[in-house]
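# What the coordinates show
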Amino acid sequence: HRIDKMVNIEVLSNVKAQRRDDLEDIGKLWQLRKLGVVIDDKKSHLGNLLKAISDLHECLRSLSITIPATTLNGTLSSPELPDDIGSRIEHHPKILESLSIRGARHLFPLLTRGGNNKLAKVTLSGTPLNQDDLKVLAKLPKLQCVKLRHISCTESVLIFEQADFECLKYLLIEGSNLTNITFEDGAACELEKMVLSSTGIESISGVDKLPNFEELELNNNSCGRLLSSFHNAKQIAKLTLRGTLLKQDDLQIITKELNIRCLVLLDKSLDVSQNQITFEKEEFIWLNLLMVDCSAITKIDFNNGSAPRLEKIVWSHFTSLSGIDNLPRLKELEFNGKVVPKEVKEAIENNKRINLKCNEP
């Protein structure tokens, strides 16, 4: 109440407006650079918030808006915007760099109008998204990071078109109903990292046309189905599998199709019917670093001729290592546990070039 008295406040986040007058008062805080607010799904509240954003158009750098989803017949739905709500924004934010919107249908086009050329990070959660909405994001000239969380796509396909997303470096898609993503030639040329988490995506096309794409992270996905989409993406250097179903056959896809230099296996990253991973001869010839922290993997075997460039292994007490004598360039072992496996001790005694570092929990 009477927040307008705090005239020098710069950060106001994780707050819920109780009355619409509170939102009007926020618009008087002309030193405010970061605002994070939860509002009710009411036209008066939303209108006053947009008016406040308009009043703060010269100072606001970070904005987060959450509108709790309404429930219709037991299912969540994103509230519709009134047709005339855009009139409440007389001035669009000039220097806004980060925008996060949760639960408001198509609110972000209103806030990205007006020639904003500073916006670098956009997060959309619990809101519908279609190809036209993607085009709105695509035209933001400084956009580097896009996070799409639990979005519902009407076409179930998103197409990144030629010459769009010129500065995009990081893309996260989580829990959506997407089945396919397409990158046209010349789209997202600066994209470096992609994270796919708990999605229904079956295929991704055009990743071989992303010249700077170096890092892929899959969380809680079916590994083999998705990895086959990256068969021509030789530029991928780091692959992280977290809580992802991984079978021995999937390793064949990784080693044959990708030039992986860093492989990270985290959280139950193995099919429960197996507990062992085997690196076969002439597999992972570019691998430099292997990191394993997965209770489901109890043993890793390195056959002679596998991972010839592997220099460092970081692993946890859940997993034993066999055949590290077959790794000609191995220099460093980092163990997160108390009792070093017997076969590792013996290998180090026989090969003095391997250094062991222990991090006790």
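Residues numbered from 1 in each chain as written. Predicted model: local features only at pLDDT ≥ 70, side-chain atom pairs only at ≥ 80, totals over all residues. Heavy atoms only, no water.

### Observations regarding the sheet that holds strand E19 (residues 276-279)
Where we set the bar: Note: two strands are recorded as paired if DSSP finds a minimum of 2 bridges between them. What counts as a helix is a DSSP run of H or I of at least four residues, what counts as a strand is a run of E of at least two, and both are numbered from the N terminus. Think of each axis as a best-fit line through the C-alpha atoms, taken over the contacting stretch in the case of a helix, with angles from 0 to 180 degrees between the N-to-C directions.
Judged by pairing direction, the sheet is parallel, and its three strands sit side by side in the order E19-E21-E23 without closing on themselves. Strands with a single pairing partner mark the edges of an open sheet, and in this sheet they are E19 and strand E23 (320-322). Going across the sheet, the axis of each strand differs from the next one's by a mean of 15 degrees, ignoring polarity.

### Details of helix H2 (residues 43-55)
Because each turn of an α-helix spans 3.6 residues, side chains separated by three or four positions in sequence point in the same direction. Selection criterion: By definition here, a helix of n residues has an expected span of 1.5 Å times n minus one. The cut-offs for exposure are 20% and 50% of the maximum accessible area for each residue type, with area from a 1.4 Å probe on protein chains only; residues under the lower value are buried, those over the upper are exposed, and the others partly exposed. Contacts are residue-level and defined by heavy atoms, with any inter-residue pair within 4.5 Å sufficient.
For H2, which comprises 13 residues, the first-to-last C-alpha distance of 18 Å matches the rise-based estimate of 18 Å (1.5 Å per residue) to within 8%. Listed in full, the buried residues belonging to H2 are His 45, Leu 46, Gly 47, Asn 48, Leu 49, Leu 50, Ala 52, Ile 53 and Ser 54. Where H2 is buried, its residues touch helix H1 (20-26), strand E2 (34-38), strand E3 (62-66) and helix H3 (108-111).

### Notes on the nonpolar core
Using the following cut-off: Among buried residues, those of type Ala, Val, Leu, Ile, Met, Phe, Trp, Tyr and Cys that are joined through side-chain atoms within 4.5 Å constitute a nonpolar core.
Judged by nonpolar contacts, the single largest core of 103 residues is most densely connected at Phe 183 and Ile 313. By residue number, the principal contributor to this core is H2, which donates four residues. Aside from chain neighbours lying at most four places away, what touches Ile 313 is Leu 290, Phe 302, Leu 321, Ile 324, Leu 327, Leu 330, Glu 332, Leu 333 and Glu 334.

### Concerning the environment of Asp 133
Among the structural elements, Asp 133 can be located in helix H4 (residues 131-138). For the pair Asp 133 and Pro 109, spaced 24 residues apart in sequence, the C-alpha to C-alpha distance is 7.6 Å.

### Looking at the sheet that holds strand E13 (residues 180-183)
Pairing between sheet strands relies on hydrogen bonds along the backbone, with the strands arranged either parallel or antiparallel. Pairing within the open sheet is parallel, and its three strands lie in the order E11-E13-E15. The open sheet is flanked by strand E11 (157-160) and strand E15 (203-205), the only strands paired with a single partner. Strand after strand, the sheet turns through a mean of 10 degrees between neighbouring axes, direction not considered. With three bridges connecting them, E13 and E15 associate as parallel partners. In the strand pairing of E15, Asn 180 is matched with Ser 203.

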